[in-house]
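Residues per chain, in single letters:
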Amino acid sequence: LAKTTQPISMDSYEGQEVNITCSHNNIATNDYITWYQQFPSQGPRFIIQGYKTKVTNEVASLFIPADRKSSTLSLPRVSLSDTAVYYCLVGDPDTGRRALTFGSGTRLQVQP
Amino acid sequence: GAGVSQSPSNKVTEKGKDVELRCDPISGHTALYWYRQSLGQGLEFLIYFQGNSAPDKSGLPSDRFSAERTGGSVSTLTIQRTQQEDSAVYLCASSPLGEGEKLFFGSGTQLSVL
């Protein structure tokens, strides 16, 4: 399975755009990229999933370059409530390549 | 509709005792996962069910850990002869067929082994 690498932590201020990049150099052709958000004392929550180019939903955008060896989660105009741990996963359950390991994630701290 | 439900939310037990943790997945979700998360750490995969079968048990840390799923729904994670290092939050997630890696998590069971 594709190993992912993310920064351990990031700091930002309210109202700023935050971009968290995940590296996955050995991503396979059929793998999808999925991001989760986890608040203290809660289970992770699905944010966004993509395969290539750009995906946008009401919460975030996901940018994936043509080589797909990395992906960037973009959170527009963060607020204090976006302080959380963000995890990147890569895998393809349809071929059995389940992305089962979440890793340590990126701890985002948003300051007032 | 209801999300993934886990019980109990907290469990305190003595070293050497057995514990059972329960997970009620979202109705209709075919896949079910168990993870463990120690304080300040990432999620450690334990086991994955597709229906009632467990094609991947590779994450179970020892033979003291077992899990079953019945009727393609409720799952129970059992830890026998608990040890202090078993203390952690145990998270359950379910996923609908064809939704890729879109997992829906419960709030977990905080297990404390004294």
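Going by the structure above, here's the rest.
Please read these numbers as outputs of a predicted model, since none were measured by experiment.

Undergrad: Even after reading the chapter, I still don't get the nonpolar core, so can you show me in this structure?
TA: For soluble globular proteins, the rule of thumb is that nonpolar side chains tend to be buried together. In this structure, Ile33, Trp35, Leu73, Leu75 and Tyr86 of chain A are the most contacted members of the largest nonpolar core, which totals 20 residues. A per-element tally of this core places strand 8 (residues 84-91) of chain A first, with four residues. Those residues in contact with Leu73 of chain A that lie beyond four places of it in its chain are Val18, Asn19, Ile20, Trp35, Ile47, Ile48, Ala60, Ser61, Leu62 and Tyr86 of chain A. Formed by 19 residues, the second largest nonpolar core is a distinct cluster that contains Leu21, Leu46, Phe49 and Val113 of chain B.

Undergrad: What's the story with the sheet that holds strand 8 of chain A in this structure? I'm lost.
TA: Within a beta sheet, neighbouring strands are joined by backbone hydrogen bonds and run either parallel or antiparallel to one another. Residues and elements named next belong to chain A. Pairing is mixed in the open sheet, where five strands are placed in the order 1-9-8-3-4. Two strands lie at the open edges of the sheet, namely strand 1 (9-13) and strand 4 (45-50), each paired on one side alone. Pairs of neighbouring strands in the sheet enclose a mean axial angle of 25°, with direction left out of account. In terms of strand pairing, strand 1 meets strand 9 (residues 106-111) through five bridges, oriented parallel. Directly across from Ser9, in strand 9, lies its bridge partner Arg107.

Undergrad: I'm lost on the layout of surface pockets in this one. Help?
TA: Picture a little ball the size of a water molecule; that probe, rolled over the atoms, points out where space is still empty. In this structure, the largest pocket occupies an estimated 570 Å³ of space. What lines the largest pocket is a set of 26 residues, among which Gln38, Phe39, Pro40 and Ser41 of chain A together with Gln37 of chain B lie closest to the centre. For the lining of the largest pocket, the elements supplying multiple residues, two or more each, are strand 8 and strand 9 of chain A together with strand 9 (88-95) and strand 11 (109-113) of chain B. Of the residues that constitute the lining of the largest pocket, the class distribution is ten nonpolar, 15 polar and one charged.

Undergrad: Sorry if this is basic, but what is going on with the state of the cysteines here?
TA: Simply put, the disulfide is a covalent bond whose two ends are the sulfur atoms of two cysteines. Applying the stated criterion to the full structure yields two disulfides over all chains. What pairs with Cys22 of chain A in a disulfide is Cys88 of chain A, and their sulfur atoms sit 2.2 Å apart. Here Cys22 of chain A and Cys88 of chain A share a disulfide; its torsion about the S-S bond, -75°, makes the bridge left-handed. Of this pair, Cys22 of chain A sits in strand 2 (residues 18-23) while Cys88 of chain A sits in strand 8, and the two are 66 residues apart along the sequence. Classification of Cys88 of chain A by relative accessible area gives buried; the value is 0%. Covalent S-S linkage joins Cys23 of chain B and Cys92 of chain B, the inter-sulfur distance amounting to 1.8 Å. On the S-S bond that ties Cys23 of chain B to Cys92 of chain B, the torsion sits near -65°, and the link is left-handed. Taken together, the residues Cys23 of chain B in strand 3 (residues 19-24) and Cys92 of chain B in strand 9 connect sequence positions 69 residues apart. Like Cys23 of chain B, the residue Cys92 of chain B is buried in the burial classification.

Undergrad: In this structure, what is going on with the environment of Lys54 of chain A? I would like to understand it.
TA: All names here are of chain A. The topology assignment puts Lys54 in strand 5 (residues 53-56). Once the C-alpha coordinates of Lys54 and Pro65 are considered, the two residues, eleven residues apart in sequence, prove to be 8.5 Å apart. With near-sequence residues (within four places) excluded, Lys54 lies in contact with Ser61, Leu62 and Phe63.

Undergrad: Explain the packing of aromatic side chains here, please?
TA: Describing an aromatic ring pair means giving the distance of the ring centres and the angle of the ring planes. Scanning the model with the defined rule gives seven aromatic pairs over all chains in all. Between the aromatic rings of Tyr36 of chain A and Phe46 of chain A, the centroid separation amounts to 6.0 Å while the plane-to-plane angle is 80°, which identifies the pairing as edge-to-face. Of this pair, Tyr36 of chain A sits in strand 3 (residues 32-38) while Phe46 of chain A sits in strand 4, placing them ten residues apart in sequence. Of the residues examined, Tyr36 of chain A reaches a relative accessible area of 0% and is grouped as buried. Between the aromatic rings of Tyr35 of chain B and Phe45 of chain B, the centroid separation amounts to 6.0 Å while the plane-to-plane angle is 70°, which identifies the pairing as edge-to-face. Linking Tyr35 of chain B in strand 4 (residues 31-37) with Phe45 of chain B in strand 5 (residues 43-50), this pair joins segments that are ten residues apart in sequence. As far as the burial class goes, Tyr35 of chain B and Phe45 of chain B line up, both buried. A connected cluster of aromatic rings, assembled from ring pairs, spans Tyr36 and Phe46 of chain A together with Tyr33, Tyr35, Phe45, Tyr48 and Phe105 of chain B. If you follow Arg68 of chain A out to its NZ or CZ, it ends over the ring of Tyr51 of chain A, 4.0 Å from the centre.

Conventions and cut-offs
- Residues numbered from 1 in each chain as written.
- Chains lettered and ligands numbered in written order.
- Predicted model: local features only at pLDDT ≥ 70, side-chain atom pairs only at ≥ 80, totals over all residues.
- Heavy atoms only, no water.
- Core = buried A, V, L, I, M, F, W, Y, C linked by side-chain atoms within 4.5 Å.
- Buried < 20%, exposed > 50% of the residue type's maximum accessible area, 1.4 Å probe, protein only.
- Helix = DSSP H or I, 4+ residues; strand = E, 2+ residues; numbered from the N terminus.
- Contact = heavy atoms within 4.5 Å.
- Pairing = 2+ DSSP bridges.
- Axes fitted to C-alpha atoms, helices over the stretch in contact; angles between N-to-C directions.
- 1 Å grid on protein atoms, 1.4 Å probe; cavity = no way out; pocket = protein on both sides within 12 Å on 5 of 7 lines; lining within 4 Å.
- Points joined across faces, edges and corners; volume = space filled by probe spheres on them.
- Nonpolar A, V, L, I, M, F, W, Y, C, P; charged D, E, K, R; others polar.
- Disulfide = S-S within 2.5 Å.
- Phe/Tyr/Trp six-rings, centres within 6.5 Å; stacked < 30°, edge-to-face > 60°.
- Lys NZ or Arg CZ within 6 Å of the ring centre and 35° of its normal.

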